[in-house]
Protein chains: 2
Amino acid sequence: MKNAGQFAKAVRRYVLLGALAAVTLATAGITKADRLALKDQGSFFVGGRSIFTDALTGTPTGFLGFGINTGNITVDQMYVQYQVPERGDKHVPVVMVHGCCLSSKSYETTPDGRMGWNEYFLRKQRAVYLPDQVSRARSGFDATIYNEIRLGTRPAADMPAIRTASHEFAWPFFRFGPTMGTAFPNEQFPVEAFDEFGKQVIPDLNAELPAVNPTWTNLSALAVKLKGAILMGHSESGFFPEQAALIDPAGIKGMITIEVGCPTTLTSQQISTLARIPILVIFGDHLADVPAYAERWMTTFSSCEQFIQQVNAAGGDAAMMHLPKFGQFGNSHMLMQDKNNLQVADLVLKWIDGHVESKKKSSTGPR
Amino acid sequence: MKNAGQFAKAVRRYVLLGALAAVTLATAGITKADRLALKDQGSFFVGGRSIFTDALTGTPTGFLGFGINTGNITVDQMYVQYQVPERGDKHVPVVMVHGCCLSSKSYETTPDGRMGWNEYFLRKQRAVYLPDQVSRARSGFDATIYNEIRLGTRPAADMPAIRTASHEFAWPFFRFGPTMGTAFPNEQFPVEAFDEFGKQVIPDLNAELPAVNPTWTNLSALAVKLKGAILMGHSESGFFPEQAALIDPAGIKGMITIEVGCPTTLTSQQISTLARIPILVIFGDHLADVPAYAERWMTTFSSCEQFIQQVNAAGGDAAMMHLPKFGQFGNSHMLMQDKNNLQVADLVLKWIDGHVESKKKSSTGPR
């Protein structure tokens with residue numbers, strides 16, 4: 001009975017994925033020229049805690065020279081910006097989390113000025129939530145250690161490492177092309193706007209965070225607050241949806257993991273928890289085509305294939321969407337900004353409709 | 001003739017300001033329950049330049065252990081988020097810049113969940129542009145010095161000071177009340193949501209910027225790009241509109257300076273440049289009511305009164321809007337988040353209509 005159910009699920013998955021690959025893409029119907037009608041928009045914070053700091057500023061005279069250099073500040077909070085379209089109530093909200101050295105800008109207007117996934121999903125009537133990771137962008141970070149070092153009350157060796165991606169590293173590693181300045185013939189990343197992409201790259205202070213990243217906890221709390229949400233992560237945050245589910249799966253209705261390695265040391269208990277939620281893993285093209293990073297990308301890819309097998313063996317609903325197998329060629333690591341980003345978004349939306357929305361409507365499903 | 005013109009201008013100003021104070025406030029007609037219709041939205045960067053760094057990360061093995069720790073990165077770019085309402089073409093866009101230790105969140109949903117100025121101005125059919133200051137939030141910062149110190153290639157003394165405001169400093173200094181936890185009887189700041197406000201406060205790295213702050217240059221370029229804009233600054237950025245105009249006044253159609261000291265050492269040439277653009281200076285209530293900071297706020301206020309006199313003496317159109325004189329009492333330093341924030345916004349919009357929009361329509365005016 002259980003095996004029959006798995007077989008039926010596998011068949012359904014195969015049929016659905018085949019349908020996806022064949023689907024006539026509907027992106028042509030949606031343009032920025034159409035009015036965008038919203039039911040609601042705004043921003044708020046999830047999480048955060050008050051801590052005492054003895055280095056409010058890095059100067060002995062403190063803030064504005066008033067001599068105040070100690071007090072309580074808030075850390076670990078996660079800033080979230082959101083928009084709800086006119087018919088947003090009919091669908092499960094989508095939370096889009098950015099990767100390393102980036103902010104939620106990843107999902108907004110592309111470097112060459114086209115519509116990003118946030119607006120496209122909105123126009124497809126999905127409420128979209130854009131968090132900045134804890135310790136990044138509008139979420140802020142804890143500056144105490146840096147100021148303590150400047151004040152001489154702490155050794156410089158205590159400073160956490162800050163990460164930034166150089167232009168020369170990003171180009172080949174993100175698979176814009178084989179070497180800096182050279183694109184693959186079928187490259188989808190808008191390389192003519194690479195300078196604009198470089199402006200999105202900002203310092204990453206995640207090394208100062210504790211082992212259980214507060215972003216994971218905050219994402220699970222956000223899903224509960226939204227009474228159900230699909231969590232999407234990219235690159236550094238690619239497995240954050242699953243990490244959030246391992247903390248509290250209650251609000252998480254679907255998980256989308258884009259271009260990151262999947263852990264191979266999860267316990268059967270953890271796999272079992274994750275198997276209760278539909279999972280989509282997405283990879284772009286040219287994984288083996290940049291010699292310096294081919295081994296890394298192939299290892300990354302196969303680790304997720306293994307993860308998907310484990311989840312499905314535990315009765316889960318996990319799928320790999322390797323874009324070339326779905327008719328989308330030339331996609332980079334920044335696939336949400338690629339020239340075919342809306343076609344890729346359509347594939348994601350079809351998966352959501354088939355694996356998350358359909359289950360929401362049916363009360364007779366396996367769960 | 002010139003004196004007569006100035007007299008007429010002064011009378012017009014007096015009549016307009018009187019009308020403002022008496023106006024029946026129209027905020028009741030606008031609520032979040034109404035659909036928000038947008039013509040456009042998105043984000044982009046202004047400015048930015050490529051520099052070489054020898055400390056891409058703070059670890060000798062570099063990014064992801066690939067041994068790469070040098071390369072080019074982009075710095076001094078300014079992230080700008082924007083929305084254009086359905087009839088946004090009819091009005092001059094408004095650029096809202098945040099203050100110290102804050103991000104553009106200042107102008108979004110208030111700490112207690114009400115509509116912020118960005119959405120209210122949108123609903124009043126103004127295009128709104130929200131930059132994050134250079135070296136803050138989604139604009140990123142240059143992490144080179146920090147990483148060099150960690151790598152031991154630079155002394156800790158070279159580190160620029162980072163500023164953060166503690167809860168205990170912000171409460172009285174921002175005039176939420178006389179002492180931490182105690183509000184003024186007529187306090188307009190939503191002190192019950194003070195914890196949420198604390199989450200907006202993030203580290204300020206402006207001390208690492210050059211003397212001519214790239215945000216000023218970027219703001220003047222943004223105004224030109226928009227073919228005319230009103231620049232609004234608050235607190236740390238309160239005088240940024242004027243600083244941008246002193247770099248290039250071409251695109252700046254109006255300047256709104258909120259709660260900051262005005263420089264008293266401007267040359268007559270500089271005053272003359274600023275006198276070509278309408279200027280509104282805004283202060284809230286209780287300037288003299290927190291003993292520890294009363295002298296500072298009163299000095300701040302009088303420096304702007306002096307600035308306004310200088311500008312008007314040079315033929316300009318500058319006005320002080322001290323809110324208690326306009327029927328709004330109990331406003332804090334964070335007046336765009338106060339409970340009467342939409343009433344204050346109405347006063348600002350009336351000033352814009354009378355001093356910026358009216359001049360745009362007339363080709364027979366003095367300029």
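Describing the pairing of strand 7 (residues 279-283) of chain B
The side chains of a regular strand alternate between both faces of the sheet.
Residues and elements named next belong to chain B.
Part 1: By the criterion of burial, strand 7 is predominantly enclosed, with five of the five residues buried.
Part 2: Here strand 7 shows a buried face lined by I279, V281 and F283 and a second buried face lined by L280 and I282.
Part 3: As judged from the four bridges shared by strand 6 (residues 252-258) and strand 7, these two strands associate in the parallel manner. Bridging from a neighbouring strand, T257 pairs with V281 of strand 7.
Part 4: Once you follow strand 6 into helix 8 (residues 268-274) and on to strand 7, the crossover reads as right-handed.
Part 5: Here five bridges tie strand 7 to strand 8 (residues 318-322), and the two strands are oriented parallel to one another. Among the inter-strand pairings, I279 is bridged to a residue of strand 8, identified as A318.

Quick look at the state of the cysteines
In protein structure, a disulfide is the covalent linkage between the sulfur atoms of two cysteines.
Residue and element names in this part refer to chain A.
Part 1: Evaluation of the coordinates by the stated rule reveals four disulfides over all chains.
Part 2: At a sulfur-sulfur separation of 2.2 Å, the disulfide partner of C100 is C101.
Part 3: For chain A, the disulfide bridges join cysteines in the arrangement 1-2, 3-4, where the cysteines are counted in sequence order.

With respect to the packing of helix 6 (residues 214-225) of chain A against helix 7 (residues 240-247) of chain A
Relative placement of two packed helices is described by the angle separating their axes and the distance separating the axes.
All names here are of chain A.
Part 1: Where helix 6 contacts helix 7, the axes come no closer than 8 Å and their chain directions differ by 70 degrees. Here helix 7 runs roughly perpendicular to helix 6, going by the angle between their axes. For the pair formed by helix 6 and helix 7, the contact residues are T215, W216, T217, L219 and S220 on the first element and F240, Q243, A244 and I247 on the second.

Comments concerning the relation of the copies chain B and chain A
Each of the two chain copies goes to the other by way of a rotation about an axis and a shift along it.
Part 1: You can overlay chain B on chain A at an RMSD of 0.0 Å; the transform is a turn of 180 degrees with a shift of 0.0 Å along its axis. Such a turn and shift between the copies fits a two-fold axis. Ranked by how close their C-alpha atoms come to the rotation axis, the residues of chain B are headed by A137 of chain B, at 1.8 Å.
Part 2: Most of the interface of chain B is mirrored in chain A, where 100% of its interface residues again form contacts.

Observations regarding the layout of surface pockets
Part 1: Its volume calculated, the second largest pocket comes out at about 620 Å³.
Part 2: Residue lining of the second largest pocket: 28 residues in total, with R163, E236, V260 and R296 of chain A together with L64 of chain B positioned closest to the centre.
Part 3: For the lining of the second largest pocket, the secondary-structure elements that each account for two or more residues are helix 7 and helix 9 (291-313) of chain A.
Part 4: The greatest single-element share of the lining of the second largest pocket, amounting to three residues, is contributed by helix 9 of chain A.
Part 5: When its residues are assigned to classes, the lining of the second largest pocket shows 14 nonpolar, nine polar and five charged.

A word on the nonpolar core
Part 1: Grouped together as the largest cluster of nonpolar side chains are 196 residues, with contacts concentrated most on W117 and F121 of chain A together with W117 and F121 of chain B.
Part 2: Grouped together as the second largest cluster of nonpolar side chains are 16 residues, I145 and L205 of chain A together with I145 and M159 of chain B included.

Some details on the pairing of strand 2 (residues 71-85) of chain A
Residue and element names in this part refer to chain A.
Part 1: Summarising burial for strand 2: 14 of the 15 residues are buried, a large majority.
Part 2: Here strand 1 (residues 36-53) pairs with strand 2 via 14 bridges, running antiparallel. Counted as the bridge partner of L38 is P85 from strand 2.
Part 3: Sheet analysis places strand 2 next to strand 4 (residues 128-131), joined by four bridges and oriented antiparallel. Bridge pairing in strand 4 places Q83 opposite V128.

Considerations on empty space enclosed by the protein
Part 1: With the rule as written, the count across this model stands at four cavities of 30 Å³ or more.
Part 2: Considering only enclosed or pocket space, the largest cavity measures out at about 390 Å³ in volume.
Part 3: Lining the largest cavity are 31 residues, with Q81 and Q83 of chain A together with Q41, Q81 and Q83 of chain B positioned closest to its centre.
Part 4: Listing elements by their share of the lining of the largest cavity, those giving two or more residues are strand 1, strand 2, helix 2 (117-123) and strand 4 of chain A together with strand 1 (36-53), strand 2 (71-85), helix 2 (117-123) and strand 4 (128-131) of chain B.
Part 5: When its residues are assigned to classes, the lining of the largest cavity shows ten nonpolar, 15 polar and six charged.
Part 6: Forming the boundary of the second largest cavity are 15 residues, of which A137 and F141 of chain A together with R136, A137 and F141 of chain B lie nearest the centre.
Part 7: Considering only residue class, the lining of the second largest cavity consists of ten nonpolar, three polar and two charged.

Examining the packing of aromatic side chains
Part 1: Taken as a whole, this structure holds 54 aromatic pairs over all chains when the rule is applied.
Part 2: Both rings, one in F45 of chain A and one in Y79 of chain A, keep their centres 5.8 Å apart while their planes meet at 65 degrees; by these two values the pair is edge-to-face. Placement of F45 of chain A in strand 1 and of Y79 of chain A in strand 2 is noted, with a sequence separation of 34 residues between them.
Part 3: The exposure class of F45 of chain A is buried, given its relative accessible area of 8%.
Part 4: Grouping aromatic residues by their ring pairs yields a cluster made of F66 of chain A together with F169, W171, F173, F174, F176, F189, F194, F197, Y293 and W297 of chain B.
Part 5: Across from the ring centre of F44 of chain A, 4.6 Å away, lies the NZ or CZ of K225 of chain A, which sits over that ring.

Digging into unusual backbone geometry
Part 1: Phi is positive for R175 of chain A, close to 60 degrees, though the residue is something other than glycine.
Part 2: Secondary-structure assignment places R175 of chain A in the loop between helix 4 (167-173) and helix 5 (194-198).
Part 3: You will see that D76 of chain B, though not glycine, has its phi angle at about 70 degrees, which is positive.
Part 4: With respect to the helices and strands, D76 of chain B occurs in strand 2.
Part 5: Classification of D76 of chain B by relative accessible area gives buried; the value is 15%.

Calculation criteria
- Residues numbered from 1 in each chain as written.
- Chains lettered and ligands numbered in written order.
- Predicted model: local features only at pLDDT ≥ 70, side-chain atom pairs only at ≥ 80, totals over all residues.
- Heavy atoms only, no water.
- Buried < 20%, exposed > 50% of the residue type's maximum accessible area, 1.4 Å probe, protein only.
- Helix = DSSP H or I, 4+ residues; strand = E, 2+ residues; numbered from the N terminus.
- Pairing = 2+ DSSP bridges.
- Right-handed = clockwise from strand over helix to strand, strands pointing away.
- Disulfide = S-S within 2.5 Å.
- Axes fitted to C-alpha atoms, helices over the stretch in contact; angles between N-to-C directions.
- Parallel < 35°, antiparallel > 145°, perpendicular 65-115°, else oblique.
- Contact = heavy atoms within 4.5 Å.
- Least-squares fit on C-alpha atoms with pLDDT ≥ 70 in both.
- 1 Å grid on protein atoms, 1.4 Å probe; cavity = no way out; pocket = protein on both sides within 12 Å on 5 of 7 lines; lining within 4 Å.
- Points joined across faces, edges and corners; volume = space filled by probe spheres on them.
- Nonpolar A, V, L, I, M, F, W, Y, C, P; charged D, E, K, R; others polar.
- Core = buried A, V, L, I, M, F, W, Y, C linked by side-chain atoms within 4.5 Å.
- Phe/Tyr/Trp six-rings, centres within 6.5 Å; stacked < 30°, edge-to-face > 60°.
- Lys NZ or Arg CZ within 6 Å of the ring centre and 35° of its normal.

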